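Listed below are the residues making up each chain.
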Amino acid sequence: MNCFWVKINETAGENPIIRVPSIIFTHLEHLSLIQHGLLKKNGTVKAKLTDNSQKGTQENPFIIDVSASLVNDLYLLKDIPYRLTTRGDTIKFGPVTGIMIRSQEELNLREEVYPHLGGILVSPSQFDWEKGIVTGEVYDSSKSRWVLKTVPLPEVIFNRSLMKKKKKVKLITKYQALGGVFYNSNRYNKAEVENAVLQRSELQKYVIKSRTVLDKKDVFSALSAHKKIVLKPVRSVQGNGIMFIKRKKRNEYLVYYYRKNKSDTEVYSVISRKKLAELLDTINFKRKPHLVQPWIRFLTYNKSPFDLRVHMHKDDRSWMCAGIECRVAQKGEKITNISKGGSVLSLSEALSSSSGVRRRALEEEVVDVCLKICTTLETNYPSECFADLGIDIAIDKRKKLHFIEVNFHPQFKGFQKISEEIYRKINCQPLIHATKLQGFKVDKKAS
């Protein structure tokens, strides 16, 4: 059956009945299960006469008569334009998608696409697991604003929040037990991701080999093997806690230590072995595991190192590259994060000194590597549903690629400075993917 646009007209009656235009009745008459979000209810389908103005399109939706008992039991919203489709023996009203966010701004970014998807986009604030419902902000496209509503548990929840681990695990466990799909549920640490990527032979040459640090002796051992190293927490965000160390002479070291805040960066022009040991003693390696790896000389732009943030997203069953941004370190700095003063360029700008042929070849290689990383992670974590991933790639002085890390809740504001179109696509694609996953077609206007 095709996917139609519909609006609900509530009718009196205790019996669970829906009346549909005769033009689609033959597709629905044999079905008795009606679904909205994760709520399902048995009901009866009947035909009704309609005029020819109803086309089942966004502009001219079919009017579906739904008995009050079904409206109440399924928490259907009468003022929301829905899509109607079937899956197996079930009639589905939807899509019903949830998004867990860190700020209202992140919610507002998605409202542009949702009128073209139909159904419900909800930002849950309160869950009722026994009733299978949530209360939260729902986007009302007819009023162009967010309103507080109670709706069914969404079929898909896209996670962009920073919940505490125990709370998140409890929520996901309950939600998935009811049949829900939770996007990007976990944030795997650098060591776990590196081990997964190394299992694929074609990717091994791109991985910067690292070692687990148990104490400061491991750091000095790495400095004996490599003149320059990077010490980084296994779990960190925005470059916090990363230390760059260069062995200048036998007992002299240059250290860049990026603490939590931009103003807390410490640079030691010359530091003795004893002072470095004292600095390393301030890190509790048992409580906060670290990795150590060779310090790769990144390609530079205006004498500042840069790396690539490659935003990958899921489209149906395939991975696609939404865009590539080059993050350039602030003058005199080693770390490229925007939060640490870095700036953003397009790939063509950053590689302006290279020929067009070389730029295209590098871009193709970057995308190919990232596609392989995405599929490798899916293979290694089969219970996960990844909607999008931010993959960081470095290019060294010889134009060789190096895999840095994967961000499971990637930030992408930098893309807004490169291309408003790419920025909007990154915002909307997870919702488009969620819509398709629920069995609803997506109009060209949305994609």
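One can find the structure itself at the top, above this paragraph.
Residues numbered from 1 in each chain as written. Predicted model: local features only at pLDDT ≥ 70, side-chain atom pairs only at ≥ 80, totals over all residues. Heavy atoms only, no water.

Caption draft 1: Broad picture of the sheet that holds strand β5 (residues 44-48). Taken together, the eight strands give an open sheet; going across it, the order is β4-β3-β8-β7-β1-β6-β2-β5, and neighbouring strands pair in mixed fashion. Each edge of the sheet is formed by a strand with only one pairing partner; in this case those strands are β4 (39-42) and β5. Taking the axes of each pair of neighbouring strands and ignoring which way they run, one obtains an average angle of 35° across the sheet. For strand β2 (residues 17-21) and strand β6 (residues 62-67), the ladder comprises two bridges, and the chain directions are antiparallel. (Pairing = 2+ DSSP bridges. Helix = DSSP H or I, 4+ residues; strand = E, 2+ residues; numbered from the N terminus. Axes fitted to C-alpha atoms, helices over the stretch in contact; angles between N-to-C directions.)

Caption draft 2: Highlighting the packing of aromatic side chains. Within the structure shown, the criterion is met by 14 aromatic pairs. A ring pair is formed by Phe4 and Phe62, whose centres lie 5.3 Å apart and whose planes are at 65°; its orientation type is edge-to-face. You can see Phe4 sitting in strand β1 (residues 4-11) and its partner Phe62 sitting in strand β6, a full 58 residues away along the chain. Assessed through its relative accessible area of 14%, Phe4 is described here as buried. Judged by relative accessible area, which is 3%, Phe62 ranks as buried. Taking the centre distance of 6.2 Å and the plane angle of 75° together, the rings of Phe158 and Tyr183 count as edge-to-face. With Phe158 in strand β13 (residues 156-159) and Tyr183 in strand β14 (residues 181-183), this residue pair connects regions lying 25 residues apart in the sequence. Comparing Phe158 with Tyr183, the two get one shared label, buried. (Phe/Tyr/Trp six-rings, centres within 6.5 Å; stacked < 30°, edge-to-face > 60°. Buried < 20%, exposed > 50% of the residue type's maximum accessible area, 1.4 Å probe, protein only.)

Caption draft 3: Here's a closer look at the pattern of salt bridges. Tallied over the full model, the rule gives 18 salt bridges. Close ionic contact of Lys190 with Glu405 constitutes a salt bridge, the shortest N to O distance being 3.1 Å. Taken together, the residues span a long stretch of sequence, with Lys190 in helix α5 (residues 190-198) and Glu405 in strand β26 (residues 401-407) at a distance of 215 residues. By the burial criterion, Lys190 is buried, and Glu405 matches it. Among the ionic pairs, Arg398 bridges to Asp396, the shortest N-O distance being 3.7 Å. By relative accessible area, Asp396 is classed as buried at 5%. (Salt bridge = Lys/Arg side-chain N within 4 Å of Asp/Glu carboxyl O.)

Caption draft 4: Spatial organisation of the nonpolar core. Counting residues in hydrophobic clusters, the biggest one holds 41 residues, and the most contacted among them are Ile18, Val66, Tyr82, Phe93 and Ile120. When sequence neighbours within four positions are dropped, the list of residues in contact with Val66 reads Ile8, Asn9, Glu10, Thr11, Ile17, Ile18, Val71, Leu76 and Phe93. Tyr188, Leu347, Val366 and Phe403 belong to the second-largest nonpolar core, a separate cluster that totals 38 residues. (Core = buried A, V, L, I, M, F, W, Y, C linked by side-chain atoms within 4.5 Å. Contact = heavy atoms within 4.5 Å.)

Caption draft 5: A look at the pairing of strand β9 (residues 96-100). Across the five residues that make up β9, a large majority, five, are buried. Neither face of β9 is open: one carries Val96, Gly98 and Met100, the other Thr97 and Ile99, and all of them are buried. As paired elements, β9 and strand β10 (residues 120-128) share three bridges and run parallel to each other. Bridge assignment links Val96 to a residue of β10, and that residue is Ile120. As paired elements, β9 and β13 share four bridges and run parallel to each other.

Caption draft 6: Summary view of the packing of helix α6 (residues 216-225) against helix α7 (residues 273-281). Interaxial distance between α6 and α7 falls to 10 Å at its minimum, and their mutual angle equals 135°. In this view, α6 runs oblique relative to α7, as classed from their interaxial angle. Once α6 is placed against α7, the crossing between them reads as right-handed. Across the interface between the two elements, Lys216, Val219, Phe220 and Leu223 of α6 pack against Arg273, Leu276, Ala277, Leu280 and Asp281 of α7. (Parallel < 35°, antiparallel > 145°, perpendicular 65-115°, else oblique. Left-handed = near helix turned anticlockwise from the far one by under 90°.)

Caption draft 7: Structural view of empty space enclosed by the protein. Inspection of every chain in the model, using the stated rule, returns one cavity of 30 Å³ or more. Counted as a void, the largest cavity has a volume near 40 Å³. Looking at side-chain class alone, the lining of the largest cavity contains five nonpolar, three polar and no charged residues. (1 Å grid on protein atoms, 1.4 Å probe; cavity = no way out; pocket = protein on both sides within 12 Å on 5 of 7 lines; lining within 4 Å. Points joined across faces, edges and corners; volume = space filled by probe spheres on them. Nonpolar A, V, L, I, M, F, W, Y, C, P; charged D, E, K, R; others polar.)

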